[in-house]
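# Structure at a glance
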Amino acid sequence: PTITGADPNPGGVMLSFHEQIVDELLERDGLSVLAEGLGLCEVLAGLIASVPQPRRETQTVTRDAFSNLLLPGTSSGKPGHTKTSSSTRNETEIEIETEHGVTLVLGASDAQKRALRVHLSKLAPLVNFPPEITADITGTERHLLYRRGGPLFVTTRIAVVDILGDRLLPKEIAGVVVCNAHRVTDFSGEAFVVRLFRTGNRVGFVRGITDRPGDLSRGFNGTERAMKSLMVRSLNLWPRFHLGVRGCLDKHAPEVVELRQPLTPKVRAIQDAIVEVMHACMNELKKSKHVDVSELTLDKGLHASFDKTLQRQLDPVWHSVSRKLKQIVFDLRSLRNLGTFLLRYDAVTFLRYLETLRVSEGRESVWLYTEAAHMIFEQAKKRVFVLRRNDSKEMEKMKLNNDDDDFLEVKEIDAPEPMRPETTLETVLEPMPKWPLLVEIVEEVRLEKEMLRKRMLRGEVCETSRKATRSETSPRAKKNAEIDLTGDDDDDGDDDDFASQAGPGDVRYTPTLEERFGQGPLLVVAKDDATANQLSALLRLGQTPLMRGLWAEYLDRQRLAGSAGAAVRARGRGGG
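Attention in this report is confined to the structure presented alongside it. (Residues numbered from 1 in each chain as written. Predicted model: local features only at pLDDT ≥ 70, side-chain atom pairs only at ≥ 80, totals over all residues. Heavy atoms only, no water.)

## Looking at the packing of aromatic side chains
For the record, the criterion: To pair, rings of Phe, Tyr and Trp, with the six-membered ring standing in for Trp, must have centres within 6.5 Å; the planes then decide the type, stacked if under 30 degrees apart, edge-to-face if over 60, and tilted in the middle. Three exposure classes are used, based on accessible area relative to the maximum for each residue type with a 1.4 Å probe and protein chains only: buried under 20%, partly exposed in between, and exposed over 50%. Here a strand is any run of E in DSSP of at least two residues, a helix any run of H or I of at least four, and the numbering for each starts at the N terminus. Lysine and arginine charges are scored as sitting over a ring when NZ or CZ, respectively, is within 6 Å of the ring centre and within 35 degrees of the ring normal.
Inspection of the entire model under this criterion finds seven aromatic pairs. On the basis of an interplanar angle of 10 degrees and a centroid distance of 4.7 Å, the ring pair of Phe341 and Tyr345 is categorised as stacked. For Tyr345, a relative accessible area of 24% puts it in the partly exposed group. Measuring from ring centre to ring centre gives 5.8 Å for Phe385 and Trp551, while their planes differ by 45 degrees; the resulting arrangement is tilted. In this pair, Phe385 is assigned in strand 10 (residues 385-389) and Trp551 in helix 22 (residues 543-573), connecting sequence segments 166 residues apart. The class for Phe385 is buried, based on a relative accessible area of 9%. Given a relative accessible area of 5%, Trp551 falls into the buried group. Three or more aromatic residues joined by ring pairs make a cluster, and in this case those are Phe341, Tyr345 and Tyr353. Over the aromatic face of Phe129 sits the side chain of Arg117, whose NZ or CZ is 4.1 Å from the ring centroid. In this structure, Arg207 is placed above the aromatic ring of Phe205, and the distance from its NZ or CZ to the ring centre is 3.7 Å.

Structure follows, in structure tokens:
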């Protein structure tokens, strides 16, 4: 694509299939659907850099034309200013601010904007990052930004208000770029903006892009509805097995090492119990005449799309189904979330979630009264603590040997209700199965980086000595008396000693010395912010301190809940 204002030697280069995606959208309006992780922000950077940018042009006109420009009432109504040159010729150079239509960028999230700023600065350093129009900008300032032209980040609500209020005319809009187009529906704000845009502009472009193909495939005619709402006819699919994508990525295939961590026996027992309860709920659903039996499989029930599939079947007859069937649908959703949280939460947090679930759904739920549910609660407790009954001799012996850090004697005030004064609580605090593996991998990477760093420092000394010797024997070096101590331009080194570093797919890219020796940061990818914060605490504190902190917080919650319950019971006995 033609990048407006791009540097002839840019710092970042788009991959070949990214250029194909951008060219495809520039050639014809449509909806481009990328596989997840193929680089949505890179494509958006290419699209934004390719749209017309506000710029100033210098034109040469005759003196008569210049005089007509200065006459009142002869201007075209577009804002601009002129600047005459001190020339005595019949021709005069004037500087006119040339205007282009505004390009509305809709639906971009804050994280995508931050990533887009980085990619755009590398792809086209001379292109300014598009301003963002928010509610803090006054109407007059928005009007000036619209007349200036170029790409703008704007919310759908502000765009609708400005178009309906004639602050932004449809004919002044060059086009609309819709990010995350999988969210577009008939009643979404993006669809309304496109309809208002098309009512007064049949020439401008509409380009939608998304990297969530799974969301478009859910429901009935999801892709068709999105294309109809965007008023486009072309659908561009870019899966990972596309020849252009596969040919580009195979050139720099990363080395992937897959490690499988087996589940602990208690976690496996909880998972088997959850599957057993879900299988029983599936059998109850199959007895209903309102549900398609072919789609009711246990494998599909473990995915989030199963809820939407089941809801799509029951929505037309939801008012006529029995209460038991409705409760089974809710139970299946709770069980699926329970299976997900089992592998995401730690033992203490999972137990606390189970207790909250029992309080909130205890009266209506069906699965909580099954034998498998009892197994789930028992195994979840055993992952955190076990209760033991001891006689007087054993109690005296345990008081003498209370130096073990893994043993905790709980007083009656700290004990849950099932405990008695003669029982003791022994903490287990089972860590997540993946935690020891993650700690081992991080430690292994740290040791490897230390080893590569020593080799890098040793290589710098050798390169310095070799270049100094070469400079003394070279006549040109003697003349210039310049010595390069970086070692980046030397091609005689042993490339086998360098760590593997995949460049961005361009021969002009030269990795730095730290990149060659693998001194970059270690990236740990998590599912959500809560998991990322917990893993950060794990690497900072360690497994045992982290679990003890969670256990102390759990005991505080239990103590507060017990005090509140005692106060309520006392008030009830007093007649208050």
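And the narrative resumes.
## Side note on the packing of helix 6 (residues 156-164) against helix 7 (residues 189-200)
Quick note on the threshold: Geometry is summarised by axes, namely lines fitted to C-alpha atoms with helices restricted to the contacting stretch, and by angles between N-to-C directions that run from 0 to 180 degrees. Oblique is the label for every angle not falling under 35 degrees (roughly parallel), over 145 degrees (roughly antiparallel), or within 65 to 115 degrees (roughly perpendicular). By the definition used in this description, the sense in which the near helix is turned from the far one sets the handedness, with an anticlockwise turn below a right angle giving left-handed and a clockwise turn giving right-handed. Should any heavy atoms of two residues lie within 4.5 Å, those residues are considered in contact.
As a packed pair, helix 6 and helix 7 sit with axes 9 Å apart at the nearest point and diverge in direction by 25 degrees. Here helix 6 is positioned roughly parallel relative to helix 7, judged by the angle of their axes. Relative to helix 7, helix 6 is oriented so that their crossing is left-handed. Here Thr156, Ala159, Val160, Ile163 and Leu164 of helix 6 come into contact with helix 7, specifically with Gly189, Glu190, Phe192, Val193 and Leu196.

## Remarks on the environment of Val329
On the secondary structure map, Val329 appears in helix 14 (residues 323-344). Linking Val329 and Leu314, residues 15 residues apart in sequence, is a C-alpha distance of 9.8 Å. Excluding anything up to four places from it in sequence, Val329 contacts Leu285, Leu310 and Leu314.

## Re unusual backbone geometry
Located in the positive-phi region is Asp166, a residue other than glycine, with phi close to 60 degrees. Tracing the backbone shows Asp166 in the loop between helix 6 and strand 7 (173-179). Relative accessible area serves as the criterion here: at 56%, Asp166 is assigned to the exposed category.

## A few points about the packing of helix 2 (residues 40-50) against helix 4 (residues 110-123)
We count it as follows: Residue type decides the class: Asp, Glu, Lys and Arg count as charged, Ala, Val, Leu, Ile, Met, Phe, Trp, Tyr, Cys and Pro as nonpolar, and the leftover types, Gly among them, as polar.
Contact geometry for helix 2 and helix 4: axes closest at 9 Å, N-to-C directions at 60 degrees. By the criterion of interaxial angle, the relationship of helix 2 to helix 4 is oblique. Between helix 2 and helix 4 lies a crossing whose hand is right-handed. Only Gln112, Ala115, Leu116, His119, Leu120 and Leu123 of helix 4 make contact with helix 2, whose side of the interface consists of Leu40, Cys41, Glu42, Leu44, Ala45, Gly46, Ile48 and Ala49. The class makeup of the residues in the contact of helix 2 with helix 4 is ten nonpolar, three polar and one charged.

## Description of empty space enclosed by the protein
We count it as follows: Computed over the protein atoms alone on a 1 Å grid, cavities are sets of points where a 1.4 Å probe fits but cannot get out and pockets are open sets with protein on both sides within 12 Å along at least five of seven lines; a residue lines them when it has an atom within 4 Å of a point. Grid points are joined across faces, edges and corners, and a volume is the space filled by probe spheres set on the points.
Evaluated as defined, the whole model comprises one cavity of 30 Å³ or more. Taken as a whole, the largest cavity encloses approximately 40 Å³ of empty space. Forming the boundary of the largest cavity are Asp307, Leu310, Val329, Leu332 and Arg333. Looking at the lining of the largest cavity, the elements with two or more residues in it are helix 13 (305-314) and helix 14. Examining the composition of the lining of the largest cavity, we find that three residues originate from one element, helix 14, more than from any other. Each residue belonging to the lining of the largest cavity can be placed in one class, and the counts come to three nonpolar, no polar and two charged.

## As for the side chain of Glu355
Counted only if it meets this: Asp and Glu are treated as the negative residues and Lys and Arg as the positive ones, with His and the ends of the chain left uncounted. The rule for a salt bridge is simple: a side-chain nitrogen of Lys or Arg has to be within 4 Å of a carboxyl oxygen of Asp or Glu.
For Glu355, the position within the fold is in helix 15 (residues 347-361). Despite its burial, Glu355 pairs with no opposite charge, the nearest such side chain being Arg358 at 5.0 Å.

## Considering the pattern of salt bridges
A side chain of one charge can pair with a side chain of the opposite charge when the charged atoms of the two come close. Enumeration according to the criterion identifies 14 salt bridges in this entry. Across the pair Glu553 and Arg352 runs a salt bridge whose closest N-O atoms are separated by 3.7 Å. Taken together, the residues Glu553 in helix 22 and Arg352 in helix 15 connect sequence positions 201 residues apart. Exposure remark for Arg352: the relative accessible area of 24% places this residue in the partly exposed category. Note that Arg446 is salt-bridged to Glu443, the shortest N-O span being 2.5 Å. Pair noted here: Arg446 and Glu443 are both in helix 18 (residues 434-473), with a separation of three residues, about one helical turn. Through salt bridges with shared partners, a single ionic network connects Arg142, Asp162 and Arg167.

## Brief notes about the state of the cysteines
Going by this rule: Pairs of cysteine sulfur atoms within 2.5 Å are what we label disulfides.
Here the structure, examined in full by the defined rule, presents zero disulfides. Here Cys41 is not disulfide-linked; the sulfur of Cys179 is the nearest cysteine sulfur, at 8.5 Å. We classify Cys41 as buried; its relative accessible area is 12%.

## So, the sheet that holds strand 4 (residues 102-106)
Note the threshold: For two strands to be treated as a pair, DSSP must find no fewer than two bridges joining them.
Here we have seven strands laid out as an open sheet, ordered 5-6-4-7-8-1-9, and parallel in their pairing. Each of the sheet's edge strands pairs with one partner strand only, and the pair in question is strand 5 (132-133) and strand 9 (235-238). Strands in contact with helix 2 are strand 1 (30-34), strand 6 (150-154), strand 7 and strand 8 (205-210); relative to strand 8, the strand with the most contacts, it is inclined by about 165 degrees.

## Overview of the pairing of strand 8
Among the six residues that make up strand 8, six are buried, leaving the element largely enclosed by the rest of the structure. In terms of strand pairing, strand 1 meets strand 8 through four bridges, oriented parallel. From the neighbouring strand, Gly30 faces strand 8, where its bridge partner is Arg207. Where strand 7 meets strand 8, five bridges bridge the pair, whose relative direction is parallel. Paired with Val176 across the two strands is Val206, which belongs to strand 8.

## Thoughts on helix 6
Regarding helix 6, the residues found buried are Ile158, Ala159, Val160, Asp162 and Ile163. Close packing links the buried residues of helix 6 with strand 5, helix 5 (139-148), strand 6, strand 7 and helix 7. One or two residues past the end of helix 6 sits Asp166, with phi positive at roughly 60 degrees.

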